[in-house]
Structure formats: C-alpha cells, structure tokens
Amino acid sequence: MRHACTRVLCALGVLLMTAGAGTVASGGTAGAGISATATPLNIADEYGETWPCHFNPYNPTDGTFSFGYIYEELAFEDALRPQTITPWLATKWTWSNTNKTLTFTIRKGVTWSSGKPFTAADVVFSFNLMKRHPALDGNADWSVLSSVTQQGTDQVVFQFKHVAVPYFYSIATKTPIVPEYIWSKVKNPTTFLDNHPIGTGPYVVESCSGSDVEYKANPHYWQAGLPKIKTVNFPAYLSNTPANEDLASGKDQWGAQYIPGIKKTYIDKNPKYFHAWSPPVSTVSIFINLKNKILSNVAVRRAMSYAIDKPKVAKIGEGGEELPANQTGVPLPTFKTWYDSSLAKRYGNAYAYDPKKALAILQHAGFKKGPTGVMHKGNEKLSFTMVNNGTYSDWVASANVAIAELAKVGIQVTARNYENTTYTARVQTGKYQLAWNAFTGGPGPYYEFETLLNDATTAPIGKTANGDYERYASPETQKLFEEFTSTTTSAKQHQIVDDLEKVMLTDVPTIPVTEQPDWYQYDTQCIGGWPTPKDPYAQPSQYVTPDAAVVLLHLYPKAGCK
C-alpha cells in the first residue's frame, strides 16, 4: 500500500559512525514582520477514507498521523542520503562487543507535550513493550535483539543475538518512543486507539474529525524556536480529484499523490511557485498469494511477468509520471549501482515484455486455452481476482492495463477495488489472490527485498502480517538476510543483493510493474524550506514517517503572506 512504511534498512558501513550532539533541524528564517502563526500549512494527500482519529504510532495506518509529528525517533537517517544520520532523542551512540552491543546516550531536557520529563526509562519501556506485544513490532526489532536495558541515568543498551548492524536504521529511525507513564496503564496496546496522544514531537493534536486533523505547535518542544509553521491541517480526501483541485488552487501547499498531466494541471497554474519532485524509491508490484495452489506454481508467475507490457502500464496508467519497473525489484535510476545488469540479461532483461514467451511457459507447464480463451490444466483455471485501493485513480488505471495484457495470454483477472481500510486489511491478512501494492522505500534495494521476502515479518493467512504479505518462505533466502546483517563490507553487501535479485528473477514472488516514487508537490509562495533535488534532507512525501515531521521542522513562513 502506498502509505505503508515498514522496515527500511541501510548500508552497513555508514552505521558504524558515532554522532555528536547538536541542533537536529533547521527551520529556516521567517521574513521580518511576519508572524509564524500567520501561515498554516494544508496537506493534500488522498487516502480514500475519513479519519478515525486514532494515533497509535505502532499501528501501520495510524502511525502515519502520529510518528514524527507527535512521537519521535532516537536518530534520523535520510534515506536519500544514506550517510547522513542526525541525533534526535539520542545525542550519540556507540557500537561495542564486536558490533553486538549498541549504546545510546539519551538527550536531556526533553519533555513530553504534557510537560512531564522524557527519560531513558521511556526508551527502555517502549522497546520492551514491543517485546511483550509482538504485534507492535512492525520492524521486527526483536528478531535480532536479546535485551534492552538502562545504564546509568541517560544511557540505553541494546544487546543483539548476533551481529545485525543494519537494524540500526530500524531501531533508531523507524521505531517511535512512547511515554511509560501513559502506556504502562494501557491494558491492550495492540488495540489501543490513542485518541489523545502525548509525545515529544513538534506537534500536538488540536482537534480531529472525520474530515480533518488539525495540529498545533507543541509549546514544550525541545528544539528551541521550532516548529515555525504553527498550524498544520490534514484534510481527508476520498478521491484524487478534489485533492488535486485544492493543490492547483493554492488552498493546499503540500501534495503527496499522483496528478494526471501534472505540468498542465498543476505546475502551469502557478509556475513561479508550484513545483514537483518525485524520486523513485521502490516498486509498485503485483503481490501474489503464494498459499494459493495455482499461483504457487512458479511457471504461472513467470508467465505473468513476461505477459505484462510494463512500459505501457507506466505510460497509460501513470501518464508517464512513473518509470517501468524490472523483475529484479531494484528501483532505477535511484539505486542503479546495485542493479546487476548481467544477471538481468540472463533472464530476458529482467522479464522484458514477451507475450510469446509467456504462452510458451504456460504451454510447457501443461496449460492450454479453453473455449473462453482462458488457460487451464484440468480443474486448474488461470482465473483470479486482484484487490486494489480503489481510491487511487492511477493504481486502478494501471491495474486495468495490466489485466488487459494478461488476458492476451489467457490469464483472466478480475479487479476488486476497495476503500483503503478494507483493502489494507485484505492485503495484510492474506485474504487475496493478487494485489496491486507498494511500499514507501528506503536507502537501498535491500529494504524492499527484506520487507517483501523476510518470513519473520509474515503471519498465517487470516492474521495481520507486518511484511512478506505474499507469505513467501525460503530457508536459502532467510540465510541471505542473516548474512547481510553480519557483513561489514560493501562488496559482500552487493553480492548478497545480487543473490536477492536472483531470487526475484527465479522465484517471482511478486511482479514489479512500475517504479514507485515519493509523490511530492509543493507550493513556495508563502512557505520556504522545502526539500529539493539539490537538498534532499528527507524523503519528501507526507506519508513517509518520520520524514514528514523532519520536513515540517525545516519549513518557515515567508514575509507578506497571511
């Protein structure tokens, strides 16, 4: 799902550094004579549902509204600049014990938005809360941790079961910290709605209804003078059209969605101030339920990948605003240094469009066309349903193109378009045959492989998974993940990623169709400090956490605007 953001793992070498204390975000300079309260920021991001007003940061959906804004991380690493790690709730960290012990020094002088002090004990509590309630551990932190304890007054010590340096990103950047004094009294943290969240972050929830979340600056925020944007409104949009219209009119200033014909319908409306930049960070793919008897046949999956004209899907479904993907799963050009072109060439240039080969694969596997043109083998008919988020107009259009392509080789697929909540539940619980889906990406292709294929993050059909929604399982692939976590050399990392690309090419657990960008539109007329290609200080999309809050902390109101 476009707004899901699970584990993002980064290259090992950069994580062995120790960061010093300092100011963690720069909010720019507001113009003379302008009050920071004069310029609210409005977000246009279409989720296809009214807001439930829940803010549990450990819930993948609710966390989009709370992680970063309200609850914060220990350290922030920018996925677009993997060697940049900024101290946050922790001021520094050190590795020891041959990289099996990680010690954070916790920042002093931080308070919760209630005014109560934040301490190292809150960090220890938050991680042990996830240990007691594994459903909260969306990053699978405890798959590598053995203990988290307090040392002295301001240090937290993480002991690892084995060397797992890449989990620094998961632990430090992707895990929110909650207040012990509140959450220790919650009977069931897994179902806790957290309607009145108390965090250390730059904002508090001023009000919430089904149509809008209004955030106000946290008066107790520990970064002096920040945030400079004092009010943030997050209206609920049920479809792309009204959200795009509000962006084009200037009513909203921050967009994070697909806009058809973006130059004409958005940028040209106000070319001096309207901008867009959407770097590819992952892939939009057809997820395949591998527990389905017919789809468990790899020949069927290989044929499907060859049958889809991916450039055609990108051109028609995404209006040319996304690039076609390849079966290795490596997003290009963002992570081109990881792409094994020689390996891809051995597999038909990573399953480049070839409907004749798709038919040959099916026929060799014993399938033949029936009277209606649908391929079958005995009682096994290549007829499936594909769930999709029906509120994403581009996803619906792209899926329809792919469905038409599959029909040409005798694979019948029927679209099932749902609103966001139902769609998300079906994907996470495995109640689907095929699903059009994506993750938000991270600093390197290993992230997506780990999220897609690590069976430590999956769950039985009917239970909610945090990753591996296809229910893929392979001891050999799990061994690759284990090897990656223990290596400290760039050459070995690349070799393992090459092996994971081979898994994608041979097993075809998912079918990457287009490159998934961080959708991002921004209005500079009254607000400055936005991330740009020259200054990519965070992933720019509103739905990426905790990056969205980092963006807000860099923004400032311009003089003369009201």
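The paragraphs below set out a description of the structure included in this document. (Residues numbered from 1 in each chain as written. Predicted model: local features only at pLDDT ≥ 70, side-chain atom pairs only at ≥ 80, totals over all residues. Heavy atoms only, no water.)

## Focus: the overall build of the protein chain
So, point 1. Of regular secondary structure, the protein chain possesses 16 helices and 23 strands.
So, point 2. Computed over the C-alpha atoms, the radius of gyration of the protein chain is 23 Å, within 12% of the 24 Å expected from 2.2 N^0.38 for a compact globule of 562 residues.
So, point 3. Taking the principal axes of its C-alpha atoms as reference, the protein chain extends roughly 70 × 55 × 45 Å.
So, point 4. Considering the protein chain as a whole, with its 562 residues, one finds that 60% of them fall into the buried category.
So, point 5. Within the protein chain, residue pairs in contact and separated by at least 24 positions form 74% of the contacts whose partners lie at least 6 positions apart.
So, point 6. Summed over all atoms, the accessible surface of the protein chain reaches about 20000 Å², with 53% contributed by carbon and sulfur.
So, point 7. Side-chain charges of the protein chain comprise 50 positive and 48 negative groups, with the mean position of each set lying 3 Å from the other. (Helix = DSSP H or I, 4+ residues; strand = E, 2+ residues; numbered from the N terminus. Rg over C-alpha atoms; globule rule 2.2 N^0.38 Å. Buried < 20%, exposed > 50% of the residue type's maximum accessible area, 1.4 Å probe, protein only. Contact = heavy atoms within 4.5 Å. Areas by Shrake-Rupley, 256 points an atom, 1.4 Å probe, with all protein chains shown as cover. Lys, Arg positive; Asp, Glu negative; His and termini not counted. Charge placed at Lys NZ, Arg CZ, Asp CG, Glu CD.)

## Quick notes on the sheet that holds strand β16 (residues 380–381)
So, point 1. One open sheet accounts for three strands, arranged β14-β15-β16; its pairing is antiparallel. For this open sheet the edge positions go to β14 (368–369) and β16, each flanked by a neighbour on one side alone.
So, point 2. Pairing between strand β15 (residues 375–377) and β16: two bridges, direction antiparallel. The residue of β16 that forms the bridge with K377 is E380. (Pairing = 2+ DSSP bridges.)

## A closer look at the state of the cysteines
So, point 1. As enumerated under the stated definition, the model contains two disulfides in all.
So, point 2. Residue C53 pairs covalently with C208 via a disulfide, S to S 2.0 Å. Residues C53 and C208 share a disulfide whose torsion about the S-S bond is about -90 degrees; that sign makes it left-handed. Taken together, the positions of C53 in the loop between β1 (41–44) and β2 (75–77) and C208 in strand β8 (residues 203–209) put the pair 155 residues apart, joining distant regions of the chain.
So, point 3. Linked covalently through their sulfurs, C526 and C561 form a disulfide whose S-S length is 2.2 Å. One disulfide, between C526 and C561, carries an S-S torsion of -85 degrees and so falls in the left-handed class. Here C526, found in the loop between β21 (521–523) and β22 (527–528), pairs with C561, found in the segment after β23 (556–557); they are 35 residues apart in sequence, far enough to count as distant.
So, point 4. Judged by relative accessible area, which is 22%, C526 ranks as partly exposed. (Disulfide = S-S within 2.5 Å.)

## Notes on unusual backbone geometry
So, point 1. The omega torsion across L226 and P227 is -5 degrees, close enough to zero to call that bond cis.
So, point 2. Here P227 shows up in the loop between β9 (212–217) and β10 (231–235).
So, point 3. The residue after T545, namely P546, is reached through a cis peptide bond having omega 0 degrees.
So, point 4. Structurally, P546 is set in the loop between β22 and α16 (547–554).
So, point 5. Despite not being glycine, T98 shows a phi value in the positive range, around 50 degrees.
So, point 6. In this model, A350 sits at a positive phi of 60 degrees, which is unusual for a non-glycine residue.

## A word on the pairing of strand β4 (residues 90–96)
So, point 1. With six bridges connecting them, β4 and strand β5 (residues 101–106) associate as antiparallel partners. Bridge pairing links A90 to I106 in β5.
So, point 2. Where β4 folds back on β5, the antiparallel hairpin that results is connected by four residues, among which N97 adopts a positive phi of roughly 55 degrees.

## What to know about the environment of Y273
So, point 1. For Y273, the position within the fold is in the loop between α5 (262–265) and β12 (274–276).
So, point 2. Those residues in contact with Y273, other than ones at most four positions away along the chain, are Y522, D523, T524 and Q525.

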